[in-house]
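# Structure assessment
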Amino acid sequence: MKFRLKLMLYMAALLSVLFGAGGSLLITGSFHDALEREKEAAFASYRMAWSALQIVNGLDPYLDRGALVQTMEQLCAQGRSAWTALRLSAGEETIYESNAALSPLLGGVEPTQAGSCRVQIAAGQLPGRYLILSGTVETNGETLCLQTAQEISAPYDARQSQLENYLRVFAVLAVLCAVLSYTTARVLTAPLVSLSLASRAIASGRFSSRVRIRSRDEVGAVGEDFNAMAEQMERTVAQLQQAVERQERFVGSFAHEMKTPMTALIGYAELLRSGTLSPGEQREAAGYIYSESKRLENLSRKLLDLLVLKQGDLPLVEVSPAELVGELAERLRPLLERRGISVACACREGLCLLEPDLVWSLLLNLADNAQKAMDRGGSIRFEQEMLPDGCRFRVLDSGKGIPEEALAHLTEAFYRVDKARSRKQGGFGLGLALCREIAALHGGSIRFENRTEGGVCVTVELRGGACRTGNAGLSHGDRPGPQPTDNDTARLTGGAV
């Protein structure tokens, strides 16, 4: 059963109980008040007849029955409206009876003891209801029974009429209450229906579905919370879809990177096994096998570095970023100037918390990508400045720039803007992914922007810890940091790494 129907039934039942109980109490109270008034009037009438007999008996204790009958006739003539019937009897003998039609009612009532009055309500024997009062009176040494009957049908008829009217009004009100309750319940539950429809839409995959909020009550608050939840869910699903797409691209790129060297290895190994090659061809085949094996070794090393960086929590030490940049620039300058690429740097003094080997690798990868973007000379500029909680590096080149649609994917593993050029130069598309993880380990970020004058500006912020002014200077002598390796040299001169 729907909630609106339940609410309608509950409201209708509650109104029925309350209205029924209240109406019944009012009718019953009114009936009892009217009945009490009838009893008081009947008792007053009975008292008047009894008092008249007592007065007559007091004046003449030896009255005969004829005088009593005459007295009763006079009372009936004077107080006809006081009672419906009056009867005076001595045992089974009736001395006087004013209304013989009610004789069955009065004859069946036993008198009470002397000095008291019995009150009874008689119904069923004759049409209507009657109040019977009976008592005894002493006269001429004889105990007589005095009985009066007064019709009290009016209170019962009034109660019956009130009950009938009440039932008609109750039926109308019940129908009206049901209609109003259902309408009210429909209005109150409309947001819940909308909430249910939105939930079903989201469950079916339409994550953009929202609830229209028209109230500021508790139901409206639930709608706002639902919309907030739906928005967060939509963002989470979008992120998951992007993560799945990145994983699919990663797997596809990894399989492709593995396929090329493995095909070459198998092909040259088959040639060597055939034994038909000359010594020079054998040396050439062995050289190809060696270079492709080194390529696979470098690929596995970089993947391992990515996994380690994602899971590691390396200790940071106090380092001068200016010395780090200056040393790297001095080491790379001879290699890059051979290709017509000038190197410049601008640094600020200070110390901050870094992992020098990783930062060296980060800057080296950025320099590698910068030189690959320049075919016929150019320039690379390193800039470094201090931050309140770390330092900022910028690497600017005068290369070709990066397409706008590729900026958001540069740090994805195996992603390459120019796949043919990168593969020819020996790249895997893992360098910038390593840079992203290194920046994340330092609580920082990496950002790529195209320069208006041409080339790319890479901004790296490392927030590993607060910095302070030191006396590090800008000297570029020997330092206890990482030294360039053969792989670094090969990377910057277009080798196999």
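Residues numbered from 1 in each chain as written. Predicted model: local features only at pLDDT ≥ 70, side-chain atom pairs only at ≥ 80, totals over all residues. Heavy atoms only, no water.

### Focus on the sheet that holds strand 11 (residues 445–450)
Where strands meet in a sheet, backbone hydrogen bonds hold them as pairs that are either parallel or antiparallel. Applicable threshold: One bridge is not enough; two strands pair if DSSP finds at least two bridges between them. Every helix listed is a DSSP run of H or I at least four residues long, and every strand listed is a run of E at least two residues long, numbered separately from the N terminus. Lines fitted to C-alpha atoms define the axes, with helix axes restricted to the stretch in contact, and inter-axis angles between N-to-C directions lie between 0 and 180 degrees. Throughout, a contact is declared for two residues whenever any of their heavy atoms are within 4.5 Å.
Spatially, the 5 strands line up as an open sheet ordered 7-9-10-12-11, and their pairing is mixed. Only two strands of the sheet have a single neighbouring strand rather than two, namely strand 7 (341–346) and strand 11. Averaged over all adjacent pairs, the angle separating strand axes in this sheet is 15°, with direction ignored. In this structure, strand 11 lies alongside strand 12 (residues 456–462), joined through 6 bridges in antiparallel fashion. Counterpart to Arg447 in the pairing with strand 12 is Thr459. The strands touched by helix 7 (residues 321–337) within the sheet are strand 7, strand 9 (378–387) and strand 10 (390–397), with strand 9 carrying the most contacts at an inclination of about 175°. Here helix 8 (residues 356–372) sits on the sheet and contacts strand 7, strand 9, strand 10, strand 11 and strand 12; the angle it forms with strand 9, its principal contact strand, is near 150°.

### Things to note about the confidence of the model for the protein
Selection rule: Note: pLDDT gives the predictor's confidence per residue, expressed from 0 to 100.
Mean pLDDT for the protein: 77, with 78% of residues reaching 70 or above. Confidence drops under a pLDDT of 50 for residues 420–428, and excluding neighbours within four residues, the segment shows 28 contacts in the predicted structure. The model gives residues 469–491 a pLDDT under 50, and that stretch makes 44 contacts with residues more than four places away or in other chains.

### Some words on the packing of aromatic side chains
Any two aromatic rings considered together are summarised by their centre-to-centre distance and by the angle between their planes. Let me state the cut-off plainly: For Phe, Tyr and Trp, where Trp contributes only its six-membered ring, two rings pair if their centres lie within 6.5 Å, and the inter-plane angle classes them as stacked under 30 degrees, edge-to-face over 60, or tilted in between. Throughout this description, buried means an accessible area under 20% of the type-specific maximum (1.4 Å probe, protein chains only), exposed means over 50%, and partly exposed covers the range between. Look at NZ for Lys and CZ for Arg. If either is within 6 Å of the ring centre and within 35 degrees of the ring normal, a charge sits over the ring.
A complete count under the given rule lists 4 aromatic pairs for this structure. Between Phe19 and Tyr166, the ring centres sit 5.2 Å apart and the planes meet at 15°, which makes this aromatic pair stacked. Of the two residues, Phe19 sits in helix 1 (residues 3–59) while Tyr166 sits in helix 4 (residues 153–203), which places them 147 residues apart along the sequence. Between Phe19 and Phe170, the ring centres sit 5.7 Å apart and the planes meet at 15°, which makes this aromatic pair stacked. Taken as a pair, Phe19 in helix 1 and Phe170 in helix 4 lie far apart in primary sequence, 151 residues in all. Accessibility expressed as a relative area gives 24% for Phe170, which makes it partly exposed. Of the aromatic side chains, those joined through ring pairs into one cluster are Phe19, Tyr166 and Phe170. Seen from the ring of Tyr156, Arg129 lies directly overhead, with NZ or CZ sitting 4.2 Å from the centre. Stacked on the ring of Phe31, the Lys or Arg Arg159 has its end atom at 4.1 Å from the ring centre.

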